[in-house]
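# Fold and geometry: a report
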Amino acid sequence: VARKGRRSSGINAEYGDGTVTVFDCDGTSENGAYKRVTKIVKLMDDPITVVSTYESMVVVGSRDGSVRFYDSQMRIKNWYGTFDAGSIDSVSFAAKGDDGQAGEAKAIPAQSTLEATPFIITDFTVSTEESIVCNVPARTNKVERLLQEHNDSIKAIDTHPLNNYVAMGSYCGLLKVWDYINKTEANKRNFGVSNEITALCYDAIGENLAVGFYDGTILILDSITLETVAEFTHAKALITQLAFSHDCIFLAATDLDTTTTLIKRSTDSENPWMYIGRNKAHYKAIVNILFGVALDSNVPRLLSLGVDRNLVEYDILNSTEDNLLIMSTDKIEQSAMPVSCAWYPPINKEHFLLIANSEYKYKLLNATTKRCRKTLMGPTLGSHVQKIVNLNRGDKHYIAFITEDKIGMTLLPLDGNPHNTTALLGHCDGATNLVSCPQSRFLFTAGGKVCRMWEVNPDVLHGTAALGGSGLDPFYQLLEGGKGGPLAREMEEYFYYAQMRSQSVATTEHRKVGKYVTLDEVPNIMRALGFYPSELEVQDMINEVKFSQYVETGKTVTEIDLATLIKLYCNHRPVFGLPLYKVYDAFHTLAGADGNAQIDRGLLLSLLQNRGEHISEPELAEYLASLLDLYGSATNTEDKMAAVEPSKVGETLEAILPEVLDADLFTEHILGFVPATVE
C-alpha cells in the first residue's frame, strides 16, 4: 500500500493479479476506517510485489523483474525491465540534489509517452528476490549490480588456512570468498542455480579450494582466482564432505550414496590431479571423513565414520587406480549413532579420536587400536551435538560444537563436568555447519541463508567452570538430591556393601573397610543403582579404569575408589534414564511386524540366547528365576540351590511363564517395571 502524495486524494492497494485499487482519501475520512474506491486498474499480468512513490508518480515493482512509473491517473510514464535479477523486493531513490536534474537534455531518457518529454528522476536502487542489489543511474539507464548475496541455503563453508578469508557456497550456485577482518568481498564465482554447492574445503597451504556439488561433481579451484584446475564427475550423488590431507597430496570426498572417493595430486602439469578410486564402505550415511597422521611418521591416514556405527580406515598408500583399499573396519557403537568426530588435541600422552554420538556422549578412542578408552557426558542442550571442531588458544585447548540450533564451547580436557560447557542460541532455523579460523579467534556457522561470525571469548567459559565448583561438587549436582540426597547415600552404601561381598557376606571374621573396591564389583553397583549396562558397556567401564594409568606408569589398575565410581556413573549412565517406551519398542521389534505385539515363549528365550549379546542357558535360567523371585532372599550359589534345585529350575519357569507373552506382561510381571501412565 502506498500514498500517492500529499496533494493527491488517493491510496493505492496492489493485488497478486497485477491489479491496483485506488481509494479516495479526503480530509475528513483520512484517518477513518472506511475508504471509498475510486478506480480499479489492471496494470500488468504479473503479480505486483512493490508499490512506492516518487514525487507525484506511483512506482510499481513486479515479479517479472520490472519497475514501472505511473502518474496520478495510473497512466504509464516509463518502465525499466532490464534488471534480469528476479522478482523486485524494494525500490529506493537517492536524495534529490544538484546532480539529480543537471546535465544536457539529450543525456536524460524520454518518457514512454507520445510527447516523449524528458523523464527526470534521481538515481535509484532495486533489491530483488535473488538477493541482488542493482543501481540505476537516471541519466544512462545502465543497470549496475552493486551486490549479490546468497538467496538459498548455505551449507558449505570453510576458512583459508593462512589469510583472513571465509568461503561460502550455497544452493543457488554462488561461491563467495569474504575477507572477515576488513568486511569486504575478496572474490566470487557464480556457477548458476542448477549447480548447487554442497561442500567446500581449502588445502593446508591455501593453494586450492575443493568444491562439491549436488550432482556429484567435484571441482578443484585456484583459491585466488577461483579458476578451475581439475574436474571429477565419478560420483553421481550429492557431495556431503571434502577433506585434504595435511601434505596436500590427497583429497577425499563422501557422497549421499555412502561412497568415499579418493583423488591424488599428480606430477603431470596438464593434469595436476588424478582419480584413485571409490569404495562403498558404509551401508548408511557417512557423517565424517577426516585425514590424520600416523604415529611417529608423516604418512597420512584416511578415516570415515558412518551412521552404521562403523569406523573405516583406508589403505591410501597401496590403493591403485579404480581400487580404493580398506585397511580396517571397526564397530564403535552398540546402540547410539555417531554424529561427528575430530582428532583430540595432543594434551595427553595417548593419541585419541573424539567421537560424539546421538546419546549425548563423547567417546575417546585410541587412535591406533580404535578401542574405547573413555566415555564422557556431552552437552545436553535440547538436541545432540552435530559437529565438533578443535580450538587452540596458546596452551589452552577447547572444542566448539553446534547442536540443532545452538553453538557452544567446551573446556578441555573432557571430564563430564557440565559447567565446563557454555552455549547460546545461534540459528533459530537450524545450524548446518561450523568452522573456525586458523587462529581460533573466530567461529563461523551456517544456517538457512546466512553465515554468522562469532568471536571466541574463552574467559567466559573459564568463569562458568569456576562458578560450578571443583572436585566432585559438579558431579554431585548431577545426582538426584545432590551430595546429601538419597542417591548419593545409596551409592555410598552399595560401595561399602561391595567390599563386604568381596570378603564374603556370611563370614564371621573381622572385616576390613577400605577406600577401594575391585573392578569386578562395578557392574553390580551400577545395576543396583538402576543403570543396566550391556556387556560391552561393562567392558568399556572396566577398561576405562583399568588402563587409566597405563601410559604413564605401565601398570593396570585393579581397584576403584568412591570418587572415581561417582564420575564413572555420571558419565556412563543414560542422560535421560531408560524410558519405558524403549522397552516396549524393543519387545515389538522382537515380536515382529504383524502388529499383535505378542511373542511365543520359546521364541523369546531362543532370541535371548542367540541374538545380540548371547546369554547361555544356565545364565538365562538364573536371571529369570531371580526376576520371578524363585530364590527368595538367597544371594549366593549355595542358598539358591537350597531354595530351588537346579534340575527343577527349567520346569518351574515353564510352569510360571505363559506360552505367549506381550509387552505389558513382560515389562510389568517379569522385569518388574512400573507401567507408564498416560495423561
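Residues numbered from 1 in each chain as written. Predicted model: local features only at pLDDT ≥ 70, side-chain atom pairs only at ≥ 80, totals over all residues. Heavy atoms only, no water.

Turning to helix α7 (residues 562-572), a few remarks are in order. The buried fraction of α7 is high, at 8 of 11 residues. Within the sequence span of α7, burial applies to Leu562, Leu565, Ile566, Leu568, Tyr569, Cys570, Asn571 and His572. (Buried < 20%, exposed > 50% of the residue type's maximum accessible area, 1.4 Å probe, protein only. Helix = DSSP H or I, 4+ residues; strand = E, 2+ residues; numbered from the N terminus.)

The next subject is the sheet that holds strand β33 (residues 387-393). Strand pairing in a sheet takes place through backbone hydrogen bonds and is either antiparallel or parallel in direction. The antiparallel open sheet is built from 4 strands, whose spatial order is β33-β34-β35-β36. Only two strands of the sheet have a single neighbouring strand rather than two, namely β33 and β36 (421-425). If you compare each strand with its neighbour and ignore which way they point, the axes differ by 20 degrees on average. For strand β34 (residues 396-402) and strand β35 (residues 406-411), the ladder comprises 5 bridges, and the chain directions are antiparallel. (Pairing = 2+ DSSP bridges. Axes fitted to C-alpha atoms, helices over the stretch in contact; angles between N-to-C directions.)

If you walk through the whole model with that rule in mind, you get 13 salt bridges. Note that arginine 527 is salt-bridged to glutamate 535, the shortest N-O span being 3.4 Å. Each of Glu149, Lys176 and Glu185 takes part in one network of salt bridges that share partners. (Salt bridge = Lys/Arg side-chain N within 4 Å of Asp/Glu carboxyl O.)

What follows deals with the packing of aromatic side chains. Enumeration according to the criterion identifies 15 aromatic pairs in this entry. Taking 5.4 Å as the distance between ring centres and 45 degrees as the angle between the ring planes, the aromatic pair formed by phenylalanine 93 and phenylalanine 124 counts as tilted. Here phenylalanine 93 is found in strand β9 (residues 88-93), whereas its partner phenylalanine 124 is found in strand β10 (residues 124-128), with 31 residues between them in sequence. Across this residue pair, the class does not change: phenylalanine 93 and phenylalanine 124 are buried. When the ring of phenylalanine 191 is compared with that of phenylalanine 213, the centres are 5.1 Å apart and the planes differ by 75 degrees; the resulting orientation is edge-to-face. Separated by 22 residues along the polypeptide, phenylalanine 191 in the loop between β16 (184-190) and β17 (197-202) and phenylalanine 213 in strand β18 (residues 208-213) bring together distant segments of the chain. (Phe/Tyr/Trp six-rings, centres within 6.5 Å; stacked < 30°, edge-to-face > 60°.)

Moving on, we get to unusual backbone geometry. Excluding glycine, most residues fall at negative phi; most peptide bonds, likewise, are trans. Across the junction of leucine 412 and proline 413, the peptide omega takes the value 5 degrees, indicating a cis bond. Counting through the fold element by element, proline 413 comes out in the loop between β35 and β36. Here serine 131, not a glycine, exhibits a phi torsion of approximately 60 degrees, which is positive. Within the fold, serine 131 resides in the loop between β10 and β11 (132-136). Even without glycine at this site, serine 440 takes up a positive phi of about 60 degrees. Note that serine 440 resides in the loop between β37 (433-436) and β38 (442-447).

This is a description of form; function is not addressed.
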